[in-house]
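A look at the structure
The residues making up each chain are set out below.
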Amino acid sequence: MSSDETPNVPAARNTRDAVRQKAQQVQAQQSRARLVRRIIIGLVAIVAVGSIGAAVAYAVGSSMSKPELSPSGMDDDGVTVNEVTLAAGTGATPTPTPSASEAGASSTPTPDPTATASEPTEIHVYVDYLSTGAAEFERANARQLATWIEQGAVTVTYHPVALLTASSNGTKYSLRAASAAACVATYSQDQFYDYNHELLADQPEIDTNGRTDVQLADLAVAVGVSDAKKVRECIEGQDFVKWAKDATARALEGPLPGSNDLKLNNEALVVVEGKAYVGAMGDPAEFSQFVLTTASDEYFGATQPTPTPTPVPTDQATPAPKS
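Here we summarise the structure given alongside this text. (Residues numbered from 1 in each chain as written. Predicted model: local features only at pLDDT ≥ 70, side-chain atom pairs only at ≥ 80, totals over all residues. Heavy atoms only, no water.)

Focus on the packing of helix 4 (residues 173-187) against helix 6 (residues 213-222)
Between helix 4 and helix 6, whose axes approach to 10 Å, the crossing angle comes to 35°. The handedness of the crossing between helix 4 and helix 6 is right-handed. Counted together, Tyr 173, Arg 176, Ala 177, Ala 180 and Val 184 of helix 4 and Asp 213, Leu 216 and Ala 220 of helix 6 form the full contact between these two elements. For the contact of helix 4 with helix 6, the per-class residue count stands at 6 nonpolar, no polar and 2 charged. (Axes fitted to C-alpha atoms, helices over the stretch in contact; angles between N-to-C directions. Helix = DSSP H or I, 4+ residues; strand = E, 2+ residues; numbered from the N terminus. Left-handed = near helix turned anticlockwise from the far one by under 90°. Contact = heavy atoms within 4.5 Å. Nonpolar A, V, L, I, M, F, W, Y, C, P; charged D, E, K, R; others polar.)

Topic: the sheet that holds strand 1 (residues 79-81)
Strand pairing in a sheet is mediated by backbone hydrogen bonds. Such pairs are either parallel or antiparallel. An order of 1-3-2-4-5 is seen for the 5 strands of this open sheet, with the pairing classed as mixed. Of all the strands in the sheet, the pair left with one neighbour each is strand 1 and strand 5 (275-276). Alignment of strand 1 against strand 3 (residues 154-160), held across 3 bridges, turns out to be antiparallel. Note that in strand 3 the partner of Val 81 across the bridge is Val 156. Sitting on the sheet, helix 3 (residues 132-151) touches strand 1, strand 2 (121-127), strand 3 and strand 4 (268-272), and the angle it makes with strand 3 is about 150°. (Pairing = 2+ DSSP bridges.)

Topic: the packing of aromatic side chains
According to the stated counting rule, one finds 6 aromatic pairs in the structure shown. Between the aromatic rings of Tyr 158 and Phe 192, the centroid separation amounts to 6.2 Å while the plane-to-plane angle is 55°, which identifies the pairing as tilted. Of the two residues, Tyr 158 is situated in strand 3 and Phe 192 in helix 5 (residues 192-201); the sequence distance between them amounts to 34 residues. Judged by relative accessible area, Tyr 158 falls into the buried class, the value being 0%. Ring pairs connect the aromatic residues Phe 137, Trp 148, Tyr 277, Phe 287 and Phe 290, which therefore count as one cluster. (Phe/Tyr/Trp six-rings, centres within 6.5 Å; stacked < 30°, edge-to-face > 60°. Buried < 20%, exposed > 50% of the residue type's maximum accessible area, 1.4 Å probe, protein only.)

As for helix 3
Here helix 3 is 20 residues long and its end C-alpha atoms lie 28 Å apart, about the 28 Å a rise of 1.5 Å per residue gives. Of all the bends found along helix 3, the most pronounced is centred on Asn 141 and spans about 60°. Measuring from the side-chain oxygen of the N-cap residue of helix 3 to the backbone nitrogen of Gly 133 gives 3.3 Å; that N-cap residue is Ser 131. In the segment just after helix 3, Gly 152 is the residue with positive phi, at about 75°. (Expected span 1.5 Å × (residues − 1). Bend = angle between axes of the 7 residues up to and from the residue. Polar contact = N/O pair within 3.5 Å; in protein donor to acceptor, adjacent residues only side chain to side chain.)

Worth remembering: the numbers are spatial, not functional.
Structure follows, in structure tokens:
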């Protein structure tokens, strides 16, 4: 028996419509996904840009609002030492090595600057903490300087400078050490003499990295600074680096304190009563003689009046020759 029934197969048109609808749905989903991604990316970008802008604004604002720090207790960019309290174990009073001139004249007493001076003799010492000359002077003269200070014979003012900043493999040791010295002078001035001595007596070699900021702070703690936490923060934060640069520039420009026309001309300069010491840095006898001579000149120049001619009595005047 034949049948007129046909298989239940969807028409071709209906199949195409279903595929089209499915494609439209997928496309719509993809479009929505792309739109959501764009929105998310845009929001992330906006947030990122805003964060960067805020960070830049904060950094600029902070740098503009942060005051330039200057050390306290430093007149004319120097620390005046009026008394010495030597830290135990620091070796701050080494025995100077006798020079050749002293070896043959050991019986001759060391000149005493108090012999003629009525006021303490002013000594200014300019030190770059990477300078071999400054270290040599400190090692040779530390004992007699400390003695003179204790006797009230002299006032010694130390001026940290940074002329050898480029001689430490890029670490700028001279600059950082000068800044560290200013930190000790500001927050623990009684220990400045010891700290200054240790920086010079145990000095890094030129063209080495020198001490790190942490090591500079450790050394300050070792010499017994008061308020060690504040000193450490100051040293490790390099608070006075800008000051050290400016102080060095001022010394190079001159005139140096107590002088009329002197300028800083090397990284180890000693000035006594306005006169530059040009002798051997490692010869304490020669330096002592220079101090004595300079103090004597100042004393006699200030106390002795210029002699005036004594008038000759008229009755003792030489008679005029007879014509």
